[in-house]
Amino acid sequence: MKYLKNFYKYRYLLYEIVRKNIKLQYRNSVLGIFWTFLQPLLTTIVLVLVFGGVFGSKRADMVNFPIYLLCGRLIYEFFTQSTKRAMRSIRLSASVIKKVYVPKYIYPLSNVIANFVTFLISLTVLACFIIYFYFFSDKPPIINGYIFLSPVPILILLILSVGVGLILSTLEVFFKDVEYLYEVFCMLLFYLTPIFYHVDQLGITNRFVKMALMANPLYAITNMFRSCVLYGEMFNMNHFWYALGFSLLTVIIGLWAFYKKQDKFILHI
Amino acid sequence: MSKPAIVVDHMSMMFNLNKEKVDNLKEYFIKLLTRRLHFTEFWALNDITFTVEKGERVGVLGFNGAGKSTLLKVIAGVLKPTKGSVKVNGVIAPMLELGAGFDMNYSGKENIFLYGATMGYSRKFIEEKYNEIVEFSELKDFIDVPVKNYSSGMRARLGFAIATAVEPEILILDEVLSVGDAKFRKKSEEKVRSMFDKGTTVLFVSHSTQQVLNICNKAIILDHGKLIAQGDAKEICKLYDDMVKGVK
């Protein structure tokens, strides 16, 4: 109750910092906010050319590959960008934290939310892809009522990013090495998440390798999202419960670690 | 009489003085394994107890390293006391360092809203005060320029203008009345004085007993983390002057 009241008082700060992060991200660039749209479009074209053309052999039987790829890429990109920025947020706002009382979780939280807003804008690229391929493709995406369930995986993704962001920001204050380790981890995650491949097509026979791949919550989230916007089917309920449970657990661990350690932040930044 | 503005109750603040700052994993594990992760305890503040009633203006005197800034940080809520407690009743405007909440890439105008939000005020509230802030800071021509291009005096002026415009109930001043040129200094002293008439509680840190006598009606002296004297500003300032002479 006390925390909620404090959060309510500082909601303006949350709003202002989210606003600031979005505004400053594209300041001084000629195309400005248009980049949130252009960047996923261009990188997806690169990925389609690489994995659909040069390395692509088994992709032929897959449903619409550009949409498949874009779904995975958008989710992966949002997750890594927002958690990376949340991780550095405490150290970057050291000048404020050292001088004025502010609830510190505002900083990781606002970074995730700011990224979430640009993520939502970049979803228009996906909408354009879907509309284009729906009318001009021999493998159109199947669009039906299930598309209205697509906010479910997106919300789980947001919860997951907040949780991981809180954990990383707490760790980063005490050990700056986490920044470099996480960079490597994100690269690993790019290959662990089925962005450009399909797990069933890898021909993995070892059960443990397959389970290790499926333990990745991003696997469940991307699959759920694709069910809604590409396959036109209900998402796998096991994926739903696993992703939701995993995300809530990270938030709980994140909040616990953050509250336990936040009074010591100032001595380390 | 309503509740006192600030109650500091047997408050102590301890820091770990580690000789080197350990902030990466490798060092941490090496130190842990070789058992060299030892800290020296340092009590920056030791068993401080005092009360500030609403509307009182308290000067905090003390030599360098006496714990003045630490005390203000604890009262502002930036640091959490190791022992004891601090209770604050009312909206607090910490002016520990003017412009601490500024973002360098943001323009002056945008920073006004950001700084206001840092103190917990809504956009609407700041909009009402906006003209007053700009006028007081004398930065009308530069308000759309990024703050990174401001001089330190301009930054401090803007910070002072925002912090005082919101009319806080408790004002913390850490040697900030030495902002800008003589003209602005006079203006800011007048502003602070006008806030007294509205019953604002003030905590004022200074080395100058003259300034303390000008502004405060009460004073305390800190020395090596201990509260050694408190009472009427005139007596305390006299005591402090004697202490300074004694040191010399």
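Numbering of residues starts from 1 in every chain and runs along the sequence as written. The naming scheme follows written order: chains are lettered A onward, ligands numbered 1 onward. In keeping with the model being predicted, local features are shown solely for residues with a pLDDT of at least 70 and side-chain atom pairs are shown and tallied solely at 80 or more, while totals for entire chains, interfaces and linings include all residues. With hydrogens and water set aside, each side-chain value is computed from the structure's full complement of heavy atoms.

A. The arrangement of the domain arrangement of chain B in detail. All names here are of chain B. Partitioning chain B into domains gives domain 1 (1–90 + 170–248) and domain 2 (99–168). Listed by partner, the interface residues are 13 residues for domain 1 and ten residues for domain 2. Surface buried jointly by domain 1 and domain 2 totals about 1,100 Å² across both partners, of which 70% is contributed by carbon and sulfur atoms. Counted as salt bridges are all cases of a side-chain nitrogen of Lys or Arg within 4 Å of a carboxyl oxygen of Asp or Glu. The interface formed by domain 1 and domain 2 holds two salt bridges in total. A 3.5 Å cut-off defines polar contacts: any pair of N or O atoms within that distance qualifies, except that in protein one atom must be a possible hydrogen donor and the other a possible acceptor, and neighbouring residues in sequence count only when both atoms are side-chain atoms. Run the count over domain 1 and domain 2 and you get two residue pairs in polar contact (both at pLDDT 80 or more). Domain limits in this description derive from either an automatic procedure or a database domain assignment. Any two residues whose heavy atoms approach within 4.5 Å at even a single point are treated as in contact. Two parts placed together each lose some accessible area under a 1.4 Å probe, and adding up what both lose gives the buried area.

B. Spatial organisation of the packing of helix α3 (residues 108–118) of chain B against helix α4 (residues 123–137) of chain B. Residue and element names in this part refer to chain B. Here the axes come from fitting lines to C-alpha atoms, over the contacting stretch only for helices, and the angles between their N-to-C directions go from 0 to 180 degrees. Labels follow the DSSP assignment, with helices taken as runs of H or I lasting at least four residues and strands as runs of E lasting at least two, numbered in each case from the N terminus. Close contact between α3 and α4 brings their axes to 10 Å; oriented N to C, the two are set at 130 degrees. With respect to each other, α3 and α4 are oriented oblique. When you trace α3 past α4, the crossing you get is right-handed. Side by side, α3 and α4 meet where K109, I112, F113 and G116 of the first sit next to R123, I126, E127, Y130, I133 and V134 of the second. Gly counts as polar in this scheme, as do all residues outside two lists: the nonpolar Ala, Val, Leu, Ile, Met, Phe, Trp, Tyr, Cys and Pro, and the charged Asp, Glu, Lys and Arg. When the residues that make up the contact of α3 with α4 are grouped by side-chain class, the tally is six nonpolar, one polar and three charged. Roughly parallel refers to an angle under 35 degrees, roughly antiparallel to one over 145, roughly perpendicular to one between 65 and 115, and oblique to any angle outside these ranges. With the far helix as reference, a near helix turned anticlockwise by less than a right angle produces a left-handed crossing, and one turned clockwise produces a right-handed crossing.

C. Representation of the packing of helix α1 (residues 2–9) of chain A against helix α2 (residues 11–25) of chain A within the structure. All names here are of chain A. Running from amino to carboxyl end, α1 crosses α2 at an angle of 50 degrees, the nearest separation of the two axes being 4 Å. Considered as vectors, α1 and α2 are oriented oblique to each other. Along the contact surface, α1 presents F7, Y8 and K9, while α2 presents R11, Y12 and L14. Among the residues forming the contact of α1 with α2, the class breakdown is four nonpolar, no polar and two charged.

D. Fine view of the interface of chain B and chain A. Each partner contributes to the interface: chain B provides 33 residues, whereas chain A provides 30 residues. Contact between chain B and chain A buries roughly 2,800 Å² in total, counting both sides, with carbon and sulfur atoms accounting for 59%. At the junction of chain B with chain A, the criterion picks out four salt bridges. Here B:R123 and A:E16 are joined by a salt bridge, their closest N and O atoms 2.4 Å apart. There are four residue pairs in polar contact (both at pLDDT 80 or more) connecting chain B and chain A. Elements represented by at least two residues in the side of chain B that touches chain A include exactly α1 (25–33), α2 (68–76) and α3 of chain B. Per-element accounting of the side of chain B that touches chain A gives the leading share, five residues, to α3(B). For the side of chain B that touches chain A, a count of residues per class yields 16 nonpolar, eight polar and nine charged.

E. Expanded view of the side chain of B:T209. Along the chain, the position of B:T209 falls in helix α7 (residues 209–215). When residues no more than four places from it in sequence are discounted, the contact partners of B:T209 are B:L61, B:C237, B:Y240 and B:D241.

F. Structural view of the packing of aromatic side chains. Two rings from Phe, Tyr or Trp (for Trp, the six-membered ring) form a pair when their centres are within 6.5 Å of each other. A pair whose planes differ by under 30 degrees is stacked, one over 60 is edge-to-face, and the rest are tilted. Within the structure shown, the criterion is met by 29 aromatic pairs over all chains. Ring geometry for A:Y134 and A:F135: centres 5.3 Å apart, planes at 90 degrees, overall edge-to-face. A relative accessible area of 41% places A:Y134 in the partly exposed class. The cut-offs for exposure are 20% and 50% of the maximum accessible area for each residue type, with area from a 1.4 Å probe on protein chains only; residues under the lower value are buried, those over the upper are exposed, and the others partly exposed. Judged by its relative accessible area of 59%, A:F135 is exposed. A ring pair is formed by A:F196 and A:Y197, whose centres lie 5.4 Å apart and whose planes are at 80 degrees; its orientation type is edge-to-face. Pair check on accessibility: A:F196 and A:Y197 agree, each one buried. In textbook terms, an aromatic cluster arises when at least three aromatic residues are bridged by ring pairs, as seen for A:Y76, A:F190, A:Y191, A:F196 and A:Y197. One Lys or Arg, A:R226, reaches over the ring of A:Y68 and ends 3.5 Å from the middle of that ring. Two thresholds decide whether a charge sits over a ring: the Lys NZ or Arg CZ must be within 6 Å of the ring centre and within 35 degrees of the ring normal. Over the ring of B:F136 we find B:K187, and its NZ or CZ is 4.8 Å from the ring centre.

G. Region of interest: the pairing of strand β6 (residues 170–174) of chain B. All names here are of chain B. Taking burial as the measure, the five residues of β6 include five buried ones, the bulk of the element. The two faces of β6 match: I170, I172 and D174 on one face and L171 and L173 on the other face are all buried. Think of it this way: DSSP has to see at least two bridges between two strands before they count as a pair. Two elements, β6 and strand β7 (residues 201–205), share five bridges in a ladder whose sense is parallel. Within the sheet, the bridge partner assigned to I172 lies in β7 and is L203.

H. Examining unusual backbone geometry more closely. Residues and elements named next belong to chain B. Residue E138 is not a glycine yet carries a positive backbone phi of 60 degrees. By secondary structure assignment, the location of E138 is in the loop between α4 and α5 (152–165). What makes E138 partly exposed here is its relative accessible area of 35%. One non-glycine residue, H224, lies in positive phi territory at about 50 degrees. Examined against the element boundaries, H224 turns out to sit in the loop between β8 (218–223) and β9 (226–232).

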